[in-house]
Amino acid sequence: RPVGPMQQALLFAIILALASLAGWLWHRERSARLRAAALRQLLDGADALEARLQDYRARMARLKGLLHKLPPDMTAPAMPRVDTEAQVQTALRDVLAHRLWIKRESALASQQALDEAVRAIERTADHLAARLRQLDEASEQLQAAGAGLRTAYQEASTALAARRESGTADDDPGSGSPPAAHH
C-alpha cells in the first residue's frame, strides 16, 4: 500500500527524533568519557606528584648527608638551600587540597575546570621534575668534590706518613723546622 504525505512526514519526524536522540546520547557518552578521563588524570597526577615529592624529600636528605661529609666552610652557603622540608610540606598540603577539591567539587565542576586542574598538576609535576634534575646534578658534583677531597686527604696523609717514616717530618707540618726540645 502506498505511503501518503502524512505518513512520510511522520516517518521523517521519527527518523529525525531518533537521529537527534542518538546524537544527544553520543555527546553525553563522550562528555562522560572526557570527564572520567580528566578525573583519572587528576587522581593519577596527584598520586604521581605526591610520589615525586617524597622522592624529592629523600634526595634532599641524601644531599644534606653529602654536604655534612664536606668541610663546613665549603658547604655553609648551600645548607639553607637544601633545607626544603617546609617547601615539601607545603607542596604535600597542596596535593591534599587538590584531592579534597576532586572529592568535593569534581561532580559539579565543568569540563573546563577539570581540564584546568589537570594542567595545573602537570605544570607542578614538570617544575618538580626540573628541580629533581638539578638536584641530581648537584649531588653528582658534590660526590665528585667529596671524592676529590678524599683523594687529596689520602695523598696528603700518605705523604706525611712517608715523611715521618723517613725522619723528615716534624711535629708541626706547617713550620718546616724541627720541634724544639723541652727540658
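Note that the coordinates shown come from a computational prediction; the quantities given were computed from them, not determined experimentally. (Residues numbered from 1 in each chain as written. Predicted model: local features only at pLDDT ≥ 70, side-chain atom pairs only at ≥ 80, totals over all residues. Heavy atoms only, no water.)

Draft legend 1. Molecular detail of the overall build of the protein chain. A count of helical and extended segments in the protein chain gives five helices and zero strands. Order of helices (α) and strands (β) in the protein chain, N terminus to C terminus: α-α-α-α-α. For the protein chain, whose C-alpha radius of gyration is 35 Å, the value lies well above the compact-globule estimate of 16 Å for 183 residues. With the C-alpha coordinates aligned to their principal axes, the bounding extent of the protein chain is approximately 140 × 30 × 15 Å. (Helix = DSSP H or I, 4+ residues; strand = E, 2+ residues; numbered from the N terminus. Rg over C-alpha atoms; globule rule 2.2 N^0.38 Å.)

Draft legend 2. Structural context of helix 1 (residues 5–69). With 65 residues, helix 1 should reach 96 Å at 1.5 Å per residue; the first-to-last C-alpha distance of 94 Å fits that figure. Of the surrounding secondary structure, the elements contacted by the buried residues of helix 1 are helix 2 (72–75), helix 3 (79–82), helix 4 (85–105) and helix 5 (111–166). (Expected span 1.5 Å × (residues − 1). Contact = heavy atoms within 4.5 Å.)

Draft legend 3. Molecular detail of the confidence of the model for the protein chain. Averaged over every residue, the pLDDT of the protein chain is 82; residues scoring 70 or more account for 91%. Ranking the elements of the protein chain by mean pLDDT puts helix 3 last, at 72, and helix 1 first, at 90. Considering only residues more than four positions removed or in separate chains, one finds that residues 174–183, a stretch of pLDDT under 50, has six contacts. (pLDDT = per-residue confidence, 0-100.)

Draft legend 4. Quick peek at the packing of helix 4 against helix 5. Here helix 4 crosses helix 5 at 160°, and the two axes come no closer than 12 Å. The angle between helix 4 and helix 5 falls in the class roughly antiparallel. Remark: the crossing between helix 4 and helix 5 carries left-handed chirality. In this structure, helix 4 uses Q87, H98 and W101 to contact helix 5, whose residues at the interface are A113, L114, A117, I121 and R131. Within the contact of helix 4 with helix 5, the residues separate by chemical class into five nonpolar, two polar and one charged. (Axes fitted to C-alpha atoms, helices over the stretch in contact; angles between N-to-C directions. Parallel < 35°, antiparallel > 145°, perpendicular 65-115°, else oblique. Left-handed = near helix turned anticlockwise from the far one by under 90°. Nonpolar A, V, L, I, M, F, W, Y, C, P; charged D, E, K, R; others polar.)

Draft legend 5. Structural context of the nonpolar core. Counting 26 residues, the largest nonpolar core has L42, Y56 and L63 as the members making the most contacts within it. With ten residues, helix 1 is the largest single contributor of residues to this core. Ignoring sequence-local partners within four residues, the contact set of L63 consists of V82, L135, A138, S139 and L142. (Core = buried A, V, L, I, M, F, W, Y, C linked by side-chain atoms within 4.5 Å. Buried < 20%, exposed > 50% of the residue type's maximum accessible area, 1.4 Å probe, protein only.)

Draft legend 6. Representation of the side chain of S106. Summarising the element assignment, S106 is placed in the loop between helix 4 and helix 5. When residues no more than four places from it in sequence are discounted, the contact partners of S106 are R35, L39, W101 and L114.

Draft legend 7. Quick look at the pattern of salt bridges. The final tally for this structure, using the stated rule, is six salt bridges. Between E50 and R99 there is a salt bridge whose closest N-O contact spans 2.8 Å. Here E50, found in helix 1, pairs with R99, found in helix 4; they are 49 residues apart in sequence, far enough to count as distant. One salt bridge in this structure joins R57 and E85, with 2.7 Å as the shortest N-O distance. Taken together, the residues span a long stretch of sequence, with R57 in helix 1 and E85 in helix 4 at a distance of 28 residues. Given the relative accessible area of 34%, E85 is considered partly exposed. The network of salt bridges with shared partners includes D47, E50 and R99. (Salt bridge = Lys/Arg side-chain N within 4 Å of Asp/Glu carboxyl O.)

Draft legend 8. Region of the structure containing the environment of Q111. Its location among the elements puts Q111 in helix 5. Q111 sits 19 residues away from A130 along the chain, and the two C-alpha atoms are 29 Å apart. When neighbours within four sequence positions are excluded, Q111 is seen to be in contact with S31, L34, R35 and A38.

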